Amino acid sequence: MMAQEYGWLVCDQGPISVVVTDPGPCPIEALKVVSRRTGLSLWHSKSLIGRLPATILDDVTQEVAEAVVRELHEAGAHAEVREEKRHGPPSTESRSAP
């Protein structure tokens, strides 16, 4: 347990996600980037992009997130890096029965 608490104290940056907000004027190019970066088929990528905003990558490094967003922008899509703020370590207390 101590290692998990230490990790929360050391890592001030929360999980980073890549979110597509608009596939742009040429959605097939955005689908190809999503497919290549996630490993999903084009069909699954289309299903994912069909429900916007869509989180295509979750819990990645800042460098990876920025590279994917750059690729999506080059394909004409609108995407952004989102970071969740960490509020503290998860509760280690066990819940007692009422």
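Scroll up a little and you will see the structure.
Summarised in this report is the structure supplied together with it.

**Considerations on unusual backbone geometry**
Residue L52 is joined to P53 through a cis peptide bond whose omega torsion reads -5°. Checked against the element boundaries, P53 lands in the loop between α3 (42-49) and β2 (54-60). Although it is not a glycine, D59 sits at a positive phi angle of roughly 60°. Within the fold, D59 resides in strand β2.

**Things to note about helix α4 (residues 62-74)**
An ideal rise of 1.5 Å per residue puts 18 Å on 13 residues; α4 measures up with 18 Å between its terminal C-alpha atoms. All of the buried residues in α4 are A65, A67, V68, V69 and L72. Of the surrounding elements, those touching the buried residues of α4 are β1 (16-22), α2 (27-38), β2 and β3 (78-83). Among the residues trailing α4, G76 stands out with phi positive, at a value near 95°.

**Points about the sheet that holds β1**
Overall, antiparallel pairing links the 3 strands, which are arranged β2-β1-β3 in an open sheet. At either margin of the open sheet sits one strand with a lone partner, and together these are β2 and β3. In this sheet, neighbouring strand axes are inclined to one another by 20° on average, regardless of whether the strands run parallel or antiparallel. Relative to β3, β1 runs antiparallel, the two being bridged by 6 bridges.

**Observations regarding the pairing of β1**
Counting buried positions along β1 yields 5 of 7 residues, so the element is predominantly enclosed. By the bridge criterion, 5 bridges tie β1 to β2 in an arrangement that is antiparallel. Note that in β2 the partner of I16 across the bridge is V60.

**A word on the pattern of salt bridges**
All told, the structure shown has 4 salt bridges when counted by the stated rule. With a closest N to O distance of 2.6 Å, E71 and R37 form a salt bridge. Separated by 34 residues along the polypeptide, E71 in helix α4 and R37 in helix α2 bring together distant segments of the chain. Judged by its relative accessible area of 32%, R37 is partly exposed. Notably, a salt bridge pairs R82 with E80, separated by 2.5 Å at the nearest N-O pair. With relative accessibility at 37%, the residue R82 sits in the partly exposed group. Residue E80 is classed as partly exposed on the basis of its relative accessible area of 31%.

Conventions we followed
Residues numbered from 1 in each chain as written. Predicted model: local features only at pLDDT ≥ 70, side-chain atom pairs only at ≥ 80, totals over all residues. Heavy atoms only, no water. Helix = DSSP H or I, 4+ residues; strand = E, 2+ residues; numbered from the N terminus. Expected span 1.5 Å × (residues − 1). Buried < 20%, exposed > 50% of the residue type's maximum accessible area, 1.4 Å probe, protein only. Contact = heavy atoms within 4.5 Å. Pairing = 2+ DSSP bridges. Axes fitted to C-alpha atoms, helices over the stretch in contact; angles between N-to-C directions. Salt bridge = Lys/Arg side-chain N within 4 Å of Asp/Glu carboxyl O.

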